[in-house]
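The chain contents come next:
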Amino acid sequence: MRRQMTPPGGAEDTAAPLPAAEPARGGSMRTEFAFELPRGYVDGAGQVHRTGVMRLATARDELVPLRDDRVRENPAYLSVVLLGRVVERIGAVTDVHAGVIEDLFASDLAFLQDFYRRINAEGHTRAQVTCPSCGTDIAVDLSGGGRLGES
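Just so it is clear, the model here is predicted, and its values are computed rather than measured.

Peer 1: Pulling in residues and values, what's your account of the pattern of salt bridges?
Peer 2: Tallied over the full model, the rule gives eight salt bridges. With its nearest N and O atoms 2.6 Å apart, the salt bridge here joins aspartate 61 to arginine 55. There is no split in this pair, since aspartate 61 and arginine 55 are both buried. Between arginine 85 and aspartate 61 there is a salt bridge, and its shortest N-O distance comes to 3.1 Å. Taken together, the residues span a long stretch of sequence, with arginine 85 in helix α3 (residues 78-86) and aspartate 61 in helix α1 (residues 59-63) at a distance of 24 residues.

Peer 1: Residues and numbers for the packing of aromatic side chains, please.
Peer 2: This structure, assessed with the given rule, holds three aromatic pairs. Here the aromatic rings of phenylalanine 35 and phenylalanine 111 are separated by 6.4 Å at their centres, their planes lie at 55°, and the arrangement is tilted. Highlighted residues: phenylalanine 35 in strand β1 (residues 32-42) and phenylalanine 111 in helix α5 (residues 106-122), separated in sequence by 76 residues. Side by side, phenylalanine 35 and phenylalanine 111 carry an identical accessibility label, which is buried. A centroid spacing of 5.7 Å and a plane angle of 15° characterise the contact between phenylalanine 111 and phenylalanine 115, whose relative ring orientation is stacked. Separated by four residues within a single helix, phenylalanine 111 and phenylalanine 115 lie in helix α5, roughly one turn from each other. Taking the relative accessible area as the measure of exposure, phenylalanine 111 reaches 14% and is therefore buried.

Peer 1: Give me the lowdown on the packing of α3 against α5, citing residues and values where you can.
Peer 2: Between α3 and α5, the least distance of the axes is 11 Å, while the angle of their chain directions is 70°. Classified by the interaxial angle, the pair formed by α3 and α5 is roughly perpendicular. Judged by the twist between their axes, the crossing of α3 over α5 is left-handed. Between α3, through Ser79, Leu82, Leu83 and Val86, and α5, the contact on the second element is made entirely by Leu109, Leu112, Gln113 and Tyr116.

Peer 1: Which residues make up the nonpolar core, and what are the values?
Peer 2: Where a protein is soluble and globular, its nonpolar side chains tend to be buried together. Ranked by size, the top nonpolar core spans 26 residues in total, and within it Phe35, Met54, Leu83, Val87, Ile90, Ile101 and Leu112 carry the most contacts. Those residues within four positions of isoleucine 101 in sequence are excluded, and the remaining contacts are Val80, Leu83, Gly84, Val87, Val96, Leu109 and Leu112.

Peer 1: Outline α5, listing residues and values.
Peer 2: Its 17 residues give α5 an end-to-end C-alpha distance of 23 Å, which sits within 8% of 24 Å, the value for a rise of 1.5 Å per residue. Residues of α5 that are buried include every one of Asp108, Phe111, Leu112, Phe115, Tyr116, Arg118 and Ile119, and no others. Buried residues of α5 fall within an arc of 165° about the axis and therefore sit on the same side. Residues of α5 that are exposed and point over 90 degrees away from its buried face: Ala106 and Ala121.

Peer 1: Let's hear about the sheet that holds β1: which residues, and what values?
Peer 2: Taken in spatial order, the three strands line up as β1-β2-β3 in an open sheet, and their pairing is antiparallel. Every other strand in the sheet has two partners, leaving β1 and β3 (87-90) as the edge strands with one partner each. The sheet shows a mean angle of 25° between the axes of neighbouring strands, taken without regard to direction. Pairing analysis gives three bridges linking strand β2 (residues 48-55) to β3, with the strands arranged antiparallel. Residue methionine 54 lies in a different strand from β3, and its bridge partner there is valine 87.

Peer 1: Can you tell me about the side chain of arginine 50, naming the residues and giving the values?
Peer 2: Inspection of the secondary structure assignment puts arginine 50 in strand β2. A polar side-chain atom of arginine 50 sits 3.1 Å from the main-chain carbonyl oxygen of proline 38.

Conventions we followed
- Residues numbered from 1 in each chain as written.
- Predicted model: local features only at pLDDT ≥ 70, side-chain atom pairs only at ≥ 80, totals over all residues.
- Heavy atoms only, no water.
- Salt bridge = Lys/Arg side-chain N within 4 Å of Asp/Glu carboxyl O.
- Buried < 20%, exposed > 50% of the residue type's maximum accessible area, 1.4 Å probe, protein only.
- Helix = DSSP H or I, 4+ residues; strand = E, 2+ residues; numbered from the N terminus.
- Phe/Tyr/Trp six-rings, centres within 6.5 Å; stacked < 30°, edge-to-face > 60°.
- Axes fitted to C-alpha atoms, helices over the stretch in contact; angles between N-to-C directions.
- Parallel < 35°, antiparallel > 145°, perpendicular 65-115°, else oblique.
- Left-handed = near helix turned anticlockwise from the far one by under 90°.
- Contact = heavy atoms within 4.5 Å.
- Core = buried A, V, L, I, M, F, W, Y, C linked by side-chain atoms within 4.5 Å.
- Expected span 1.5 Å × (residues − 1).
- Arc of directions from axis to C-beta.
- Pairing = 2+ DSSP bridges.
- Polar contact = N/O pair within 3.5 Å; in protein donor to acceptor, adjacent residues only side chain to side chain.

Take a look at the structure:
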């Protein structure tokens, strides 16, 4: 299967992704989505990596972790193994596996779990939120660009 990725626009990719179900130019379906972690992955050298790419999950991605002994012993580990399979990169880290996912901050793990659900089940990376100041409902793109509290 050939994967298509939005070309990075520099260190911080802020381009709004197309919905997963919407065909990209040339009739191909978009299968990879850029994201920006709320806190970032800190590697062994202390470097912080915030931007990354997650691909759509295949049936195999969802089935293989069920045979993993770590998941059999602790079903909560399923999301760690699954994310280790579908996250293509985090910053300069391209060898993303369950061990990398385990080292994420809890807020980043929760973000990736929600991002996974949005692109695989709902087909998009948008969320409906309400402005705490004025009460206006707005749609935001969770794939990155803005920081919490920014407009």
